[in-house]
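The residues making up each chain are set out below.
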Amino acid sequence: MDFDGEVAVVTGAGKGIGAAIARALSVEGAKVVIADLDGAAASEVVNDLPKGSAFAAEGDVSDGSFLRELCDRAEREFGPVSVFVANAGVIGPGGLDASEGVWDLSLDVNVRAHIRAAKILIPKWLANGGGHFVSIASAAGLLTQLGSAPYSVSKHAAVAFAEWLAVTYGDRGIGVHCVCPMGVNTDLLNDAQLGGDEGELAYKAVTTAGAVLDPADVADAVLEGIRTGTFLILPHPEVLEMYRAKSADHDRWIGGMRWYQKKLSGSPKE
């Protein structure tokens, strides 16, 4: 895919992975909409891009009306949206003690925002000849996240929804791409350790499982995955081997995760 002249919407693009993807798309000549709950951060990213090539939009991606206006404004100012990057995400702390509010926020941002965006864009893409939907999920959606139940469950759901989109629309001109990195140097990762015991466990699990990548590394993998039509984009290649091990012997994998959890929490090994 040649990104020059394409119109892209990137959510959660005020910093981290979203900002890196927005910058990478802009370098390739795309017009980019920088959406974020933090409008000031989104505007800072726009200021780094060529004048007239991007605009910032402050809003909550879990709000369907915001998503619709976001796409409508992108079309008014730049033309039809051809790439949508569902990057905004939250990590909800807690296990069974997590509140209903934490679960609702995690599911709304990490999953339902993807569903709402797809409802807006897929019909247009089917009519106009295609588009690309990029779900920034997580290795947690393939392998499970120690510590945070809401994050793990919602990311599994994000992967499942991306799979469903790919199966349902992949032969009708719709490119679907599911990005599942492990540790990336973002606020989402670094703030996880502030979420009590579960957050600390989640942080340790991610940072000890493999290299912590720079957001720009993930952005490069995303653009290459879109170009090659790859569904499962893995910035950490070792995730594939872990996923294969899980699939080959689920019980053994669960036992290994229990052992890993005890090791990280300092509990005696069994």
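A quick note: this is a predicted structure, and the numbers were derived from the prediction, not measured.

Glancing now at the nonpolar core. Generally speaking, nonpolar side chains in soluble globular proteins are found buried as a group. In terms of nonpolar packing, the biggest core is built from 49 residues, with L70, F84, F133 and L165 touching the most fellow members. Per element, the largest residue contribution to this core is eight residues, and it comes from helix α4 (residues 100-128). Filtering out sequence-adjacent residues up to four positions away, L165 remains in contact with A118, I122, F133, G170 and V176. Counting residues in hydrophobic clusters, the runner-up holds 32 residues, among them L25, I136, L223 and I233.

Glancing now at helix α9 (residues 215-228). Along its 14 residues, α9 runs 20 Å from first to last C-alpha, staying within 8% of the 20 Å computed at 1.5 Å per residue. Taken together, the buried positions of α9 are P215, V218, A219, V222, L223, G225 and I226. End-on view of α9: buried residues confined to an arc of 160°, all on one side of the axis. Buried residues along α9 sit in contact with α1 (16-27), β5 (131-136), β6 (174-179) and β7 (232-233). At the N-terminal boundary of α9, the capping side chain belongs to D214, with an oxygen 2.9 Å from the backbone nitrogen of A216. Phi for G229, located one or two positions after α9, is positive at around 70°.

On to the pattern of salt bridges. Scanning all chains against the criterion turns up 10 salt bridges. We note a salt bridge from R112 to D108, for which the minimum N-O separation is 2.9 Å. Highlighted residues: R112 and D108, both in helix α4, separated by four residues, approximately one helical turn. D108 is the salt-bridge partner of R116, the closest N and O atoms lying 3.8 Å from each other. Take R116: its relative accessible area is 27%, and that puts it in the partly exposed class.

In spatial order, the strands read β3-β2-β1-β4-β5-β6-β7; together these seven strands make up an open sheet with parallel pairing. Edge positions in the sheet fall to β3 (54-58) and β7, since each has one partner strand and no second. Note: strand β4 (residues 83-86) against β5, four bridges, orientation parallel. In the sheet register, F84 faces β5, and the bridge partner there is F133. Along the sheet face, helix α3 (residues 64-77) touches β1 (7-11), β2 (31-36), β3 and β4 and points at about 160° away from the line of β3.

In this section: the environment of E28. Looking at where E28 falls in the secondary structure, it is placed in the loop between α1 and β2. Judged by its relative accessible area of 32%, E28 falls in the partly exposed class. Taking the C-alpha atoms as reference points, E28 and L188, 160 residues apart in sequence, are found 27 Å from one another. With sequence-adjacent residues up to four places away left out, E28 is seen in contact with F3, D4, L223 and R227.

Another point: the packing of aromatic side chains. Inspection of every chain in the model, using the stated rule, returns four aromatic pairs. A centroid spacing of 5.6 Å and a plane angle of 35° characterise the contact between F55 and F78, whose relative ring orientation is tilted. Of this pair, F55 sits in strand β3 while F78 is found in the loop between α3 and β4, placing the two residues 23 residues apart along the sequence. With relative accessibility at 6%, the residue F55 sits in the buried group. Exposure remark for F78: the relative accessible area of 21% places this residue in the partly exposed category. Seen from their ring centres, F161 and W164 are 6.2 Å apart, and the 15° between their planes marks the pair as stacked.

What follows is about unusual backbone geometry. In the Ramachandran plot, T144 falls in the positive-phi region, its phi being about 80° despite a non-glycine side chain. With respect to the helices and strands, T144 occurs in the loop between α5 (140-143) and α6 (149-169).

With that out of the way, let us pick up the side chain of S154. Within the element layout of this structure, S154 appears in helix α6. The exposure class of S154 is buried, given its relative accessible area of 0%. Engagement of the side chain of S154 in a polar contact is seen with the side chain of N110, the distance being 3.0 Å.

What follows covers the side chain of S135. Inspection of the secondary structure puts S135 in strand β5. Assessed through its relative accessible area of 1%, S135 is described here as buried. Not counting residues within four places of it along the chain, the set of residues in contact with S135 comprises A86, H114, A158, A162, H177, C178 and V179.

Definitions and limits used
- Starting from 1, residues in each chain are numbered consecutively following that chain's sequence as written.
- Residue-level local features of this predicted model are given only where pLDDT is at least 70; pairs of side-chain atoms are given and counted only at 80 or more, and the full residue set underlies all totals for whole chains, interfaces and linings.
- Side-chain descriptors were evaluated using all non-hydrogen atoms of the structure, hydrogens and water having been removed beforehand.
- Each nonpolar core is a collection of buried residues, namely Ala, Val, Leu, Ile, Met, Phe, Trp, Tyr and Cys, held together in the definition by side-chain atoms within 4.5 Å.
- Only protein chains enter the calculation, and the probe is 1.4 Å; a residue is then buried if its accessible area is under 20% of its type maximum, exposed if over 50%, and partly exposed in between.
- Helix and strand assignments come from DSSP, with helices taken as H or I runs of at least 4 residues and strands as E runs of at least 2, each series counted from the N terminus.
- In this analysis, two residues are considered to be in contact whenever any of their non-hydrogen atoms come within 4.5 Å of each other.
- To estimate how far a helix should extend, the number of its residues minus one is multiplied by 1.5 Å.
- Directions drawn from the helix axis to the C-beta atoms are what define this arc.
- Contacts described as polar in this section are N or O atom pairs within 3.5 Å, which, within protein, must combine one atom able to donate a hydrogen with one able to accept it, while residues neighboring in sequence count only if both atoms come from side chains.
- Any Lys or Arg side-chain nitrogen found within 4 Å of a carboxyl oxygen on Asp or Glu counts as a salt bridge.
- Whether two strands pair depends on DSSP finding at least two bridges between them.
- Think of each axis as a best-fit line through the C-alpha atoms, taken over the contacting stretch in the case of a helix, with angles from 0 to 180 degrees between the N-to-C directions.
- The aromatic pairing rule takes the rings of Phe, Tyr and Trp, using the six-membered ring of Trp, and pairs them if the centres are within 6.5 Å, calling planes under 30 degrees apart stacked, those over 60 edge-to-face and the rest tilted.

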